[in-house]
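The primary structure of each chain is shown beneath.
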Amino acid sequence: MKIVAADIIVTSPDRNFVTLKITTDEGITGLGDATLNGRELSVASYLRDHVAPLLMGRDPHRIEDTWQFLYRSAYWRRGPVTMAAIAAVDVALWDILAKAAGMPLYQLLGGASRTGIMAYGHASGRDIPELFDSIRRHLDEGFKSIRVQTSVPGINAVYGVAAQPSSTGQRYDYEPAQRTPLPAEEDWDTRAYLRHLPSVFEAVRGEFGPELPLLHDGHHRMTPIQAAKLGKALEPYDLFWLEDCTPAENQEALRLVRQHTTTPLAIGEVFNTVWDYQTLIREQLIDYVRSAVTHTGGITAMRKLLDFAAQYQIKSGIHGPTDISPVGMAAALHLDLAIHNFGIQEYMKHTPLANEVFRQSFTFTDGYLHPGDQPGLGVELDEEAAARFPYEPAYLPFNRLKDGTVHDW
């Protein structure tokens, strides 16, 4: 079997997605997600202009060899563009291999280690009553674990609050990458956030009790000592995890946070290789790995990363927002089902238009996801539908402090 075509499809059904479609001489096709939110065309060009020509005539079964070839032959390694492109190739090859074998991908990864994949949903509100309503809606939808995000008095717009207005008219959590000529500017005040957030979790625990697993995303906005302070303040409310409490590039910063709080920590959605995790995993400074299959070199690389984490009793918490396409989501679910050290899976439901372009077999039932049992990933791309939704430039917002300083969003 040989690769005879590698097509890059860019489509925008409510948001931009980049998909790689690899075709073999036996007519088997495989899909890979190459979406990099706000920088989509950079990966599309990398694939089209540099990677696709290298794939022609290669044996699609040689997945490890192809991964190493693409990583090492470019000389310039790592980075989100390179690793998203490699991930797309890797996932597409796994899709082909599983289709050729006539079995769902997770069977080739060692078979199922569980019957379902626990997912958490995103609840948010501009005030406590609105937040409570959002939590109840997610519980009614079947979610058994809830991420809690809330507006903060004195701050106009805060990441993760769905009821905030966006330029597209879509829910803010579906399309934070707004279709504007320049990135939207938002404001931030860390002290106001630190004062307000513990009272929010006190109210949520008072309303919904001690059993409901609660998560929160700090989105890289705190210094290490501020993150330590928040983790300690949230200990009475027994969080499942505190995510991205401080910018993740500074791995040693997590030592300080760890010294001051027992709140579990999740890190890594902006990471793209195992090298970003060396200190964090070896010194057990985190509890959950947050990388996405789409941004971290695909299934081959993520499996190695999670096997490394398993040696230190660190679990998976794979990134799964709506800027990961259904192809990338399916890849995560097959990996979730197979690995032993699964923790939890982020899950945001894609919009109806996205589901029209990407036909999926994965399911969400009573709080648990399953990738389905169709051969391969279980996702098919409707190229006619994709062509109806051309790319539209979109940018993620950014933050400024009150004095005008650019801050982490």
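Notes on the structure follow.

So, how was this worked out
- For every chain, the first residue of the written sequence is number 1, and numbering continues from 1 along that sequence.
- For this predicted model, a pLDDT threshold of at least 70 governs which residues receive local features, and a threshold of 80 or more governs which side-chain atom pairs are given and counted, while totals over whole chains, interfaces and linings are taken from all residues.
- Hydrogen atoms and water are omitted, and side-chain values are computed over all heavy atoms in the structure.
- Only protein chains enter the accessibility calculation, which uses a 1.4 Å probe. A residue is then buried if its area is under 20% of the maximum for its type, exposed if over 50%, and partly exposed in between.
- Helix numbers and strand numbers start at the N terminus; a helix is a DSSP run of H or I with at least 4 residues, a strand a run of E with at least 2.
- One bridge is not enough; two strands pair if DSSP finds at least two bridges between them.
- Take the buried residues of types Ala, Val, Leu, Ile, Met, Phe, Trp, Tyr and Cys, join any two whose side-chain atoms come within 4.5 Å, and each joined set is a nonpolar core.
- Only heavy atoms enter the contact rule, under which two residues are in contact if any of them lie within 4.5 Å.
- Only rings of Phe, Tyr and Trp enter the pairing, Trp through its six-membered ring, and a pair is recorded when the two centres are within 6.5 Å. The plane angle decides the type: under 30 degrees is stacked, over 60 is edge-to-face, the rest tilted.
- Definition used: whenever NZ (Lys) or CZ (Arg) falls within 6 Å of the ring centre and also within 35 degrees of the ring normal, the charge is taken to sit over that ring.
- Axes here mean lines fitted to C-alpha atoms, for a helix over just the part in contact, with angles spanning 0 to 180 degrees between N-to-C directions.

Thoughts on the pairing of strand E3 (residues 29-33)
Among the five residues in E3, four count as buried, and that is most of the element. Two elements, strand E2 (residues 17-24) and E3, share five bridges in a ladder whose sense is antiparallel. In the strand pairing of E3, Ile-22 is matched with Gly-30.

Section: the nonpolar core
In this structure, Ile-22 and Leu-47 are the most contacted members of the largest nonpolar core, which totals 123 residues. Sorting elements by how many residues they give to this core places helix H3 (residues 80-101) first, with twelve residues. Dropping the residues within four chain positions of it, Leu-47 is found in contact with Ile-8, Leu-20, Ala-34, Ala-52, Pro-53, Ala-85, Ala-88 and Val-89.

Notes on the pairing of strand E1 (residues 3-11)
Note: E1 against E2, eight bridges, orientation antiparallel. Its bridge partner lying in E2, Val-10 is registered against Val-18. Counting the residues between successive antiparallel strands, the hairpin from E1 to E2 contains five residues, one of them, Asp-14, with a positive phi of roughly 80°.

Considerations on the environment of Leu-396
Looking at the secondary structure, you find Leu-396 in the loop between helix H13 (383-387) and strand E17 (398-400). Taking the relative accessible area as the measure of exposure, Leu-396 reaches 29% and is therefore partly exposed. Counting along the chain gives 357 residues from Leu-396 to Arg-39, while the straight-line C-alpha distance between them is 9.6 Å. Filtering out sequence-adjacent residues up to four positions away, Leu-396 remains in contact with Asn-37, Pro-176, Ala-177, Pro-183 and Trp-409.

Some words on the packing of aromatic side chains
What the rule picks out here adds up to 15 aromatic pairs. The aromatic ring of Trp-188 is capped on one face by Arg-221, whose charged end is 4.1 Å from the ring centroid.

A short note on the sheet that holds E2
Sheets are built from strands that pair by backbone hydrogen bonding, the pairs being arranged parallel or antiparallel. Taken in spatial order, the three strands of this open sheet run E1-E2-E3, and their pairing is antiparallel. Looking at the sheet topology across the chains shown, the edges are occupied by E1 and E3. Taken pair by pair, the neighbouring strands of this sheet meet at an average axis angle of 20°, ignoring direction. Packing of H3 onto the sheet brings it into contact with E1, E2 and E3, and relative to E3 it is tilted by some 150°.

So, unusual backbone geometry
In the Ramachandran plot, Arg-78 falls in the positive-phi region, its phi being about 65° despite a non-glycine side chain. With respect to the helices and strands, the residue Arg-78 is situated in the loop between helix H2 (63-73) and H3. At Gln-313, a residue that is not glycine, the phi angle is positive and equals roughly 60°. On the secondary structure map, Gln-313 appears in the loop between helix H10 (298-310) and strand E11 (315-316). When its relative accessible area of 72% is taken as the criterion, Gln-313 is described as exposed.

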